[in-house]
Amino acid sequence: MPELPEVETIARGVNARVRGDRIVDAWFGSHREPFKTPAQRQAKGLQGREIVSVHRTGKHIICELGPSDQIRSQLSGHKANAQWIVHLGMTGRLLVTTPDEPLAPHTHARLTLSSGRELRFVDPRRFGRLEFRDFARSEKFESPGAEPLTIEAAEFAALFRGRKLAIKAALLNQSLLAGVGNIYADESLFRAGLRPRRRAGRLTKVDLERLRLALREVLEHAIQLGGSSVSDYVDAEGMPGFFQLEHFVYQRTGDPCRRCKDPIQRIVVAGRSTHYCAKCQV
DNA sequence: ACAGGCTCCTGCAGGC
DNA sequence: TGCCTGCAGGAGCCTG
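This is a predicted model, so every value here is computed, not measured.

K.L.:
Before we move on, could you go through the pattern of salt bridges and cite the residues and values that matter?
P.N.:
All chains considered together, the criterion is met by 14 salt bridges. Linking Arg-56 and Glu-8 is a salt bridge whose minimum nitrogen-to-oxygen distance equals 2.6 Å. With Arg-56 in strand β2 (residues 51-57) and Glu-8 in helix α1 (residues 4-18), this residue pair connects regions lying 48 residues apart in the sequence. Exposure class is identical for Arg-56 and Glu-8. Each is buried. A salt bridge links Arg-210 to Asp-207; the shortest N-O distance between them is 3.5 Å. Placement of the pair is Arg-210 and Asp-207 together in helix α7 (residues 205-224), with a separation of three residues, close to one helical turn. Ionic contacts of the salt-bridge type, sharing partners, join the residues Glu-8, Arg-12, Arg-56 and Glu-147 into one network.

What follows is the structure, given as structure tokens:
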């Protein structure tokens, strides 16, 4: 499932391929209620706009959009004045393809670009979300949670102060930290030597600093390897990532711990399967 | 403030 | 082989 490193990989790949391209046509399929913006309004809003840049915020992919030709003649400059926001959910893919590439099942959106390429949104499980924002009528997208790659020690520690919930549940809460999902929560807790059920507010400054650094390290390493391909994740070109080979605990239930050889345990925390080593994590 | 449960949705794995 | 069941989970919602 796409988390921060996977979303970052996709956003970079899409940016490299479609930056400066123009949306000639936008098609939306029947994705029951997938869109925060109704499909028709979304298609109309995207039509004719330039893709100024593509980047990631939390688990969201943000396409910064310039004005369409029609509107542009009334404005000066090429500043972005709208956004297309893509959340991949669990099984979402954002692919840059040629028009003749066979249409994958569960393709819910197709943007035809002036370069001849297409930007496609494919999502079998339909947990993904698409949204169009025009700055004339809505705010710029802002993720409520902090960025785990850049957050400083004091701010990180403050997120958890006084909180009774399990540290794993806190890591998954997107309004605290944006971008951490099940894989990187488990992996960072292992690397920090902390049990997933430890109460967030009871962790010491030292614990939390270990966690902050472990989280940053694991996310950066995963980005370098193009993310983790555990279910069916692929990047903008359809290529898998390789960080799953570096997992210490995630989906390794019963397998020997890579540090101490004890079997990896599986429990449920915050309704999510949670993997840890009882010896290495205290 | 938070836990726990449920919902959405499909593909896949396991049991029989 | 084929069917059925259960499980996977991000996020939002609702209840306790």
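Having put the structure on the table, let's press on.
K.L.:
Give a description of the sheet that holds strand β3 (residues 60-65) that names residues and reports values.
P.N.:
In space, the four strands of this open sheet follow the order β2-β3-β4-β8, with antiparallel pairing throughout. Where the open sheet ends on each side, the last strands, each with one partner, are β2 and β8 (129-134). The mean angle between the axes of side-by-side strands here comes to 20°, regardless of whether they run parallel or antiparallel. Judged from the six bridges that link them, β3 and strand β4 (residues 82-87) form a sheet pairing that is antiparallel. Bridging across to β4, Cys-63 finds its partner in Trp-84.

K.L.:
Can you explain helix α6 (residues 182-192)? Please cite residues and give values.
P.N.:
With ten of its eleven residues buried, α6 lies for the most part within the structure. Looking only at α6, the buried set comprises Asn-182, Ile-183, Tyr-184, Ala-185, Asp-186, Glu-187, Ser-188, Leu-189, Phe-190 and Ala-192. Along its buried surface, α6 packs onto α1, α5 (167-172), α7 and β10 (272-276). At the C-terminal side of α6, Gly-193 shows a positive phi close to 70°.

K.L.:
Let's hear about the packing of aromatic side chains: which residues, and what values?
P.N.:
In total, this model carries three aromatic pairs according to the counting rule given. Summarising the aromatic geometry, the rings of Phe-156 and Phe-160 are spaced 5.0 Å apart at their centres and angled 70° between planes, so their arrangement reads as edge-to-face. Of this pair, Phe-156 and Phe-160 are both found in helix α4 (residues 153-160), four residues apart, which corresponds to roughly one turn of the helix.

Criteria and thresholds
Residues numbered from 1 in each chain as written. Chains lettered and ligands numbered in written order. Predicted model: local features only at pLDDT ≥ 70, side-chain atom pairs only at ≥ 80, totals over all residues. Heavy atoms only, no water. Salt bridge = Lys/Arg side-chain N within 4 Å of Asp/Glu carboxyl O. Helix = DSSP H or I, 4+ residues; strand = E, 2+ residues; numbered from the N terminus. Buried < 20%, exposed > 50% of the residue type's maximum accessible area, 1.4 Å probe, protein only. Pairing = 2+ DSSP bridges. Axes fitted to C-alpha atoms, helices over the stretch in contact; angles between N-to-C directions. Contact = heavy atoms within 4.5 Å. Phe/Tyr/Trp six-rings, centres within 6.5 Å; stacked < 30°, edge-to-face > 60°.

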